[in-house]
Amino acid sequence: QVQLVESGGGLVQTGGSLRLSCAASGEILRINVMAWYRQAPGKQREMVATMSSDGNTKYADSVKGRFTISRENAKNTVFLRMNSPQPEDTAVYYCYAEIVPGIYNAYAAYAYWGQGTQVTVSS
């Protein structure tokens, strides 16, 4: 079945960098939006960055200019490059995708979430 698996999280210092990866697998006909969300303790989950299949991107104001989202469509993979991370960026980062499964006789898209990967930024 369709699933998303994140990787690349860990501990990083301010001034360093990280690259998160998320690979979608299973019976996939099409992936529309792929995105990254994050949730810090005691806070609501928020959108970090999104990217449509045609390359249009959106970023949260708090990460604009520092984070970069990209996709490798042939591998159904999305990345998040985190430059100059700050302690305020510490959170669990979740992969999100709107996917049309290939096992149904229809073209409806469904929302899928990864399990999350912890990112901790220290000063």
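Above this note sits the structure.
Residues numbered from 1 in each chain as written. Predicted model: local features only at pLDDT ≥ 70, side-chain atom pairs only at ≥ 80, totals over all residues. Heavy atoms only, no water.

**Brief notes about the layout of surface pockets**
Cut-off, in case you're wondering: A 1.4 Å probe that fits but cannot get out identifies a cavity on a 1 Å grid over protein atoms alone, an open set with protein on both sides within 12 Å along at least five of seven lines counts as a pocket, and a residue lines either if it has an atom within 4 Å of a point. Grid points are joined across faces, edges and corners, and a volume is the space filled by probe spheres set on the points. In this classification, the charged set is Asp, Glu, Lys and Arg, the nonpolar set is Ala, Val, Leu, Ile, Met, Phe, Trp, Tyr, Cys and Pro, and all remaining amino acids, among them Gly, are polar.
In this structure, the largest pocket encloses a volume near 170 Å³. Looking at the largest pocket, it is lined by 13 residues, and the ones nearest its centre are Arg38, Ala40, Lys43, Glu46 and Glu88. Of the residues contributing to the lining of the largest pocket, the split by class is two nonpolar, five polar and six charged.

**As for the packing of aromatic side chains**
Inclusion rule: Any two rings among Phe, Tyr and Trp, with Trp reduced to its six-membered ring, count as a pair given centres within 6.5 Å; such a pair is stacked if its planes are under 30 degrees apart, edge-to-face if over 60, and tilted if neither. By definition, any uninterrupted DSSP run of H or I lasting at least four residues is a helix, any uninterrupted run of E lasting at least two residues is a strand, and each is numbered from the N terminus. Counted as over-ring charges are cases with an Arg CZ or a Lys NZ within 6 Å of the ring centre that also lie within 35 degrees of the ring normal.
Using the criterion set out here, one finds three aromatic pairs in the structure. Geometrically, the ring pair formed by Tyr37 and Tyr96 is edge-to-face, given 5.7 Å between the ring centres and 70° between the ring planes. Of this pair, Tyr37 sits in strand β4 (residues 28-39) while Tyr96 sits in strand β9 (residues 91-101); the two residues are 59 residues apart in sequence, bridging distant segments of the chain. Its end group placed over the ring of Tyr94, Arg45 keeps NZ or CZ at 3.8 Å from the ring centre. Seen from the ring of Trp113, Arg45 lies directly overhead, with NZ or CZ sitting 4.7 Å from the centre.

**A look at the pattern of salt bridges**
Heads up, the condition is: The working definition used for a salt bridge is a side-chain nitrogen of Lys or Arg within 4 Å of a carboxyl oxygen of Asp or Glu. For each residue, the accessible area found with a 1.4 Å probe, counting protein chains only, is set against the maximum for its type, and the residue is called buried under 20%, exposed over 50%, and partly exposed in between.
The full count for this structure, using the stated rule, is five salt bridges. Here Lys64 makes a salt bridge to Asp61, at a shortest N to O gap of 3.1 Å. Of the residues examined, Asp61 reaches a relative accessible area of 66% and is grouped as exposed. Lys75 is the partner of Glu72 in a salt bridge, and the nearest nitrogen-oxygen pair spans 3.5 Å. Beyond isolated ion pairs, a larger network of salt bridges with shared partners links Arg38, Glu46, Arg66 and Asp89.

These values are about where atoms sit, not about what they do.
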